[in-house]
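Summary of structural features
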Amino acid sequence: MTTTIQPPISPPAGVGRIRGLQCRECGQMYPAEARHVCDMCFGPLEVAYDYDVVRASVSRESIAAGPRTLWRYRALLPIEGDRVVDTHAGFTPLVRAHNLGQTLGLHNLWVKNDTVNPTFSFKDRPVSIASTRALELGFDVLSCASTGNLAGSVAAHAAKAGLRACIFIPSDLEEAKILGASLYEPTIFAVDGNYDDVNRLSSEIADLYPWAFVNINLRPYYSEGSKTLAFEVAEQLGWRRPDAVVVPIASGSMFTKIHKGFGELDKVGLVDDARTPRMIGAQAEGCSPVVQAARAGTYDVQPVRPNTIAKSLAIGNPADGYYALKIVEQTGGALEAVDDDEIVDGIRLLARTEGIFAETAGGVTIGVLKKLVAAGKIDADEVVVAYITGNGFKTMDAVAGQVTLPLHVAPTLASFQAAFHPGDRGGQRGA
Ligand SMILES: *Cc1c(COP(=O)(O)O)cnc(C)c1O
Ligand SMILES: [Zn+2]
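Notes on the structure in this doc start here. (Residues numbered from 1 in each chain as written. Chains lettered and ligands numbered in written order. Predicted model: local features only at pLDDT ≥ 70, side-chain atom pairs only at ≥ 80, totals over all residues. Heavy atoms only, no water.)

**Observations concerning the side chain of R241**
Short version of the rule: Only DSSP runs of H or I with at least four residues qualify as helices, and only runs of E with at least two residues qualify as strands; both kinds are numbered from the N terminus onward. Exposure categories follow from relative accessible area, calculated using a 1.4 Å probe and restricted to protein chains: below 20% of the type maximum is buried, above 50% is exposed, and the middle band is partly exposed. Identification of polar contacts relies on pairs of N or O atoms within 3.5 Å, with a donor-acceptor requirement for protein atoms, meaning one able to donate a hydrogen and the other able to accept it, and with residues adjacent in sequence counted only if both atoms are side-chain atoms. In what follows, a contact means two residues having at least one pair of non-hydrogen atoms within 4.5 Å.
Within the secondary structure, R241 sits in the loop between α9 (228-236) and β10 (244-248). The buried category is assigned to R241, whose relative accessible area is 2%. Here F262 takes part through its backbone oxygen, which lies 2.9 Å from a polar atom of the side chain of R241. Of note is the side chain of R241, whose polar atom sits 3.1 Å from the backbone oxygen of R275. Among residues more than four places away in sequence, those in contact with R241 are A234, F262, G263, L265, D266, V271, D273, A274, R275, T276 and P277.

**Looking at the site of ligand 1**
Filter applied, for reference: When at least one non-hydrogen atom of a residue lies within 4 Å of a molecule or strand, that residue is treated as near it. Every accessible area reported is derived by Shrake-Rupley at a probe size of 1.4 Å, with residue values counting cover from the shown protein chains alone. With a 1 Å grid laid over protein atoms only, a set of points is called a cavity when a 1.4 Å probe fits there but cannot get out and a pocket when it is open yet has protein on both sides within 12 Å along at least five of seven lines; lining residues have an atom within 4 Å of a point. A molecule is said to be in a cavity or pocket once over half of its atoms fall within 2 Å of that pocket's grid points. In the scheme used here, Gly and all other residues not listed as nonpolar or charged are polar, with Ala, Val, Leu, Ile, Met, Phe, Trp, Tyr, Cys and Pro taken as nonpolar and Asp, Glu, Lys and Arg as charged.
Contacts to ligand 1 come from 16 residues, most closely from K123, N149, A250, S251 and T389. Measuring from an oxygen atom of ligand 1, one finds a side-chain N or O atom of K123 at 2.8 Å. Between ligand 1 and A250 there is a distance of 2.8 Å, counted from an oxygen atom to a backbone nitrogen or oxygen. Summarising the interface, the protein chains cover 97% of the accessible area of ligand 1, which totals 390 Å² for the free molecule. With respect to the detected pockets, ligand 1 is housed in the largest cavity. Of the residues contributing to the shell around ligand 1, the split by class is 7 nonpolar, 7 polar and 2 charged.

**Points about empty space enclosed by the protein**
Going by this rule: Grid points are joined across faces, edges and corners, and a volume is the space filled by probe spheres set on the points.
In this structure the tally under the stated criterion is 1 cavity of 30 Å³ or more. Quantified by volume, the largest cavity comes out at close to 290 Å³. Surrounding the largest cavity, 29 residues form its lining, F122, K123, Y222, A250 and S251 being those nearest its centre. Taken together, the elements giving at least two residues each to the lining of the largest cavity come down to α5 (149-161), α8 (219-224) and α10 (253-267). Looking at the lining of the largest cavity residue by residue, the classes come out as 14 nonpolar, 12 polar and 3 charged.

**A look at the environment of T103**
Within the secondary structure layout, T103 lies in helix α3 (residues 98-104). Expressed as a C-alpha distance, the spacing of T103 and I388, which sit 285 residues apart in the sequence, is 18 Å. The contacts of T103, once residues within four sequence positions are left out, are L349 and T353. Within polar-contact distance, the side chain of T103 engages the backbone oxygen of N99 at 2.9 Å.

Written as structure tokens, this is what we have:
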């Protein structure tokens, strides 16, 4: 628990590959246990590896021989034992988006389709790692503060791992996300408040109860799971990194870890070229504290009160906002936001061009991609990857009323012919 000040000690013997947890601010080392804040300076802790050990143990061939899940990258993940909580998360399709690219004016556009994970969002990646680490550290209860998708993922992984799940959500969450999580039989606490209230309450509980909060006391391990979004994209591009990636930002955890992942590929010798992708961050205008800071030309992220249909991104006080801003600057990236109408347009555009149904966070990604291409901030020839992180069936309300309704017909040819006009969309395709 972070309340007791302990002298920093070296990592336990036998770890080797994992050096421990390291403070991002002052560099202080800690053992690889359930802690996330530096006792010296209150900076966030991050898993530190001995990259010489990793480099010696991993190759393109060893990865190719691994399972078709994120566990093919376990040499680069913070777990120590043999038992993993395996829901077959990851290794999702990287789709060549010819149609969407043509519409936007991009020649090398790809979509990383993370809507097809076991619980239909990228959250299965960090939760696979966190739940495995929770078992290794001897926890009985898996917990989280969720903006929606995390609830379902934690509940499912707890079920698979034989752990009890205690989950905290804002009470105004989408019905499909609550129902989808409830089925795995966790205990869900619906808190009257927004995510930032839920997170504050959860932090207090994490200090008192011996529970593994995946995104609080286990956050250093949890966040490492998002590196696999970088590893997979590079492998799927033939061990090359893209020129630019567009990533939605809530707390900024995924954004910063995709960047870390691309960097590690270079460190351990899995890619040859030295350049890192331009990191482009996407937020909803109704909750865009990181974008606002960039617009104001400051690294001082001011908390906001979220008001957006992109509830999975509705974190008003993003823990990694500062680091996201730094990464954007370092990589020559960009930050942009879109409003609710543009989010819905983005969802529909992706569906009608590529046949992929994304949730509101995906609409944010596509909306921002479109906006930045139009503004000349993304080059037509750049190899661009857009990360689509959640499935549209969880946010049906966002598109209800935005689609063409079915044509009602009696079961007769005459009724069909009366209803069908060749000028309709169906006519264009069939005739
Ligand atoms: C949680 C979430 C994100 C962003 O998460 P971070 O907190 O920034 O890591 C993006 N997309 C979806 C669908 C999510 O559920
Ligand atoms: Zn520190």
